[in-house]
Amino acid sequence: MPLRSGRLEKRIEVAIPLQISTILDPDEAERTTTENVCSLGMRVLTDHARELNERLMITSLKDNMRRLARVVYCQRLPDGHFAVGLQFQGSALKRDGESSPGTILAAVVASFFPGLVIWEPAAACG
């Protein structure tokens, strides 16, 4: 059986303002934004390098919702910032086994902004 390579899910490009901090020093938080998201994790842009497997607390700036994540990569960008890949810890953010881009984005956004209502187009009447 061949080994799987590449992403498990398609990522959705979206900028969500967040705050990240280490578990060991939650008072030293950094404000950042996502570059892309999926139900398994996200890529954030930061000012500081992060260690592989480092555990970070991701906090929504809107309502203080928190989620634990693990650093899966840290890539230095040409502008001196860092792109950090984060894998959510715990269950994935899927709903009823669906994984369409709209469903993934809705699940990720809802996990950080639970009061936000995402409108979906109504089914055509026949």
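Just so it is clear, the model here is predicted, and its values are computed rather than measured. (Residues numbered from 1 in each chain as written. Predicted model: local features only at pLDDT ≥ 70, side-chain atom pairs only at ≥ 80, totals over all residues. Heavy atoms only, no water.)

Asker: Just to check I follow, could you spell out the environment of Gln75 for this structure?
Answerer: Among the structural elements, Gln75 can be located in strand 6 (residues 66-76). Expressed as a C-alpha distance, the spacing of Gln75 and Gly85, which sit 10 residues apart in the sequence, is 8.5 Å. Once residues within four sequence positions are removed from consideration, Gln75 is found in contact with Arg43, His81, Phe82 and Ala83. Among the polar contacts listed, one links the side chain of Gln75 to the side chain of Arg43, at a separation of 3.3 Å. (Helix = DSSP H or I, 4+ residues; strand = E, 2+ residues; numbered from the N terminus. Contact = heavy atoms within 4.5 Å. Polar contact = N/O pair within 3.5 Å; in protein donor to acceptor, adjacent residues only side chain to side chain.)

Asker: How do you make sense of the environment of Val37 when you look at a structure like this?
Answerer: The residue Val37 is located in strand 3 (residues 30-37) in this model. For Val37, a relative accessible area of 0% gives the class buried. C-alpha of Val37 to C-alpha of Lys10: the two residues are 27 residues apart in sequence and 8.7 Å apart in space. (Buried < 20%, exposed > 50% of the residue type's maximum accessible area, 1.4 Å probe, protein only.)

Asker: When you look at the pairing of strand 6 in this model, what are you seeing that I'm missing?
Answerer: Sheet faces and side chains relate simply in a regular strand, where the side chains alternate between the two faces. Alignment of strand 5 (residues 55-60) against strand 6, held across five bridges, turns out to be antiparallel. Bridge pairing in strand 6 links Leu56 to Ala69. Bridge analysis of strand 6 against strand 7 (residues 82-88) gives seven bridges, and the strand direction is antiparallel. In the strand pairing of strand 7, Val71 is matched with Leu86. Hairpin connection from strand 6 to strand 7: five residues lie between these consecutive antiparallel strands, with Gly80 at a positive phi of about 95°. (Pairing = 2+ DSSP bridges.)

Asker: How do you make sense of the packing of aromatic side chains when you look at a structure like this?
Answerer: Working definition: an aromatic ring pair is given by the centre-to-centre distance plus the angle between the planes. Scanning the model with the defined rule gives zero aromatic pairs in all. Against the face of Phe88 rests Arg67, its NZ or CZ located 4.8 Å from the ring centre. (Phe/Tyr/Trp six-rings, centres within 6.5 Å; stacked < 30°, edge-to-face > 60°. Lys NZ or Arg CZ within 6 Å of the ring centre and 35° of its normal.)

Asker: I keep staring at the pattern of salt bridges and nothing clicks. Help me out?
Answerer: If charged atoms from side chains of opposite charge come close, those side chains can pair. Summed over all chains, the structure comprises three salt bridges. Between Glu30 and Arg50 there is a salt bridge, and its shortest N-O distance comes to 3.1 Å. Within this pair, whereas Glu30 is found in strand 3, its partner Arg50 is found in the loop between strand 4 (41-46) and strand 5, the two being separated by 20 residues in sequence. Residue class for Glu30 comes out buried when judged on its relative accessible area of 7%. Arg50 gets classed as buried once you look at its relative accessible area, which sits at 11%. A salt bridge links Glu35 to Arg43, with the nearest nitrogen and oxygen atoms 2.4 Å apart. By relative accessible area, which is 13% here, Arg43 ends up buried. (Salt bridge = Lys/Arg side-chain N within 4 Å of Asp/Glu carboxyl O.)

Asker: Would you mind showing me how to read the pairing of strand 7 here?
Answerer: With six of seven residues buried, strand 7 is to be regarded as a mostly interior element. In terms of strand pairing, strand 4 meets strand 7 through six bridges, oriented antiparallel. Within strand 7, the residue paired with Arg43 across the bridge is Gly85.

Asker: Would you take a moment to explain the confidence of the model for the chain for this structure?
Answerer: Interpretation of this model should avoid reading the predicted coordinates in detail wherever pLDDT is low. Mean pLDDT over the chain works out to 75, with 63% of the residues at or above the 70 mark. Across the chain, the secondary-structure element scoring lowest on mean pLDDT is helix 1 (residues 101-112), at 56, and the one scoring highest is strand 7, at 94. The model gives residues 92-101 a pLDDT under 50, and that stretch makes 17 contacts with residues more than four places away or in other chains. Here residues 115-126 scores under 50 on pLDDT; set against residues more than four positions off or in separate chains, the count is three contacts. (pLDDT = per-residue confidence, 0-100.)

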